Amino acid sequence: MSSLGHTIRRFNRFELKYLVTLQQAERFKKAVRAYLLPDDHGNGAYALSSLYYDSPDLRCYWEKVDGVRFRRKLRIRYYETDEVFSDETPVFVEIKQRIDRITQKRRVVLPYGEALRLCNDRQLPECAADDKAVVEEIYAFLWQYNLRPVSLVRYNRQAFMGTDYDIGLRVTFDTSLTARTTQPRLHEAGSGVPILGENWVVMEIKVN
């Protein structure tokens, strides 16, 4: 993840989540390896941290719980590496949107310091022309609902992707999920509360 310039910034897809046991996940991985390739990042295995934003009345959370057909959420996402995390570390600032069963994502890559200035201090960063519309949408979303950081979610992911015959297909397996709501910050190490038992895996199938 030394360079994120090649990353797709916008896409629409279906995302289907399943809660499975470790044993079921291992059997499924064994089957999909015959057809899919490890993700480019970390040879298919890496850790993720996501800092989620919400309104004072937790509007985004309750829209998710209530199954609102059109809903959005904002997060800063970091794909962890062995490099020292700093204000210059590239992160994604993402709006993830759900319309019925279709998931849409729009995101920009910013240095972590600039991402915080945008999301916490409401300071617009300099950005490429292709990213301007997304940055302005994030900025308006922040102001509209007075969004602020509310939770930090971390987990380990093993990911597989489709070949030229299955462009856009991704199958992921997430383990060791934890959440932290007290002073949630990407740049501070700290343990979170386990979300799932050790024997459970979140399997997700993502397809255009």
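Scroll up a little and you will see the structure.
Residues numbered from 1 in each chain as written. Predicted model: local features only at pLDDT ≥ 70, side-chain atom pairs only at ≥ 80, totals over all residues. Heavy atoms only, no water.

Undergrad: Sorry if this is basic, but what is going on with the packing of aromatic side chains here?
TA: What characterises a pair of aromatic rings is the spacing of the ring centres plus the angle enclosed by the ring planes. Counted according to the given criterion, the structure contains nine aromatic pairs. Residues Tyr-78 and Phe-85 carry aromatic rings whose centres are separated by 4.6 Å and whose planes lie at 55° to one another, so their mutual orientation is tilted. Judged by its relative accessible area of 9%, Tyr-78 is buried. The exposure class of Phe-85 is partly exposed, given its relative accessible area of 21%. The interplanar angle of 85° and the centroid separation of 6.2 Å between the aromatic rings of Phe-160 and Phe-173 together place this pair among those described as edge-to-face. Here the residue Phe-160 occupies a position in strand S7 (residues 148-161), and Phe-173 occupies one in strand S8 (residues 170-180), the gap between them amounting to 13 residues. When its relative accessible area of 3% is taken as the criterion, Phe-160 is described as buried. Look at Phe-173 and you get buried, because its relative accessible area is 2%. (Phe/Tyr/Trp six-rings, centres within 6.5 Å; stacked < 30°, edge-to-face > 60°. Buried < 20%, exposed > 50% of the residue type's maximum accessible area, 1.4 Å probe, protein only. Helix = DSSP H or I, 4+ residues; strand = E, 2+ residues; numbered from the N terminus.)

Without other data, these values stay purely geometric and don't point to any function.
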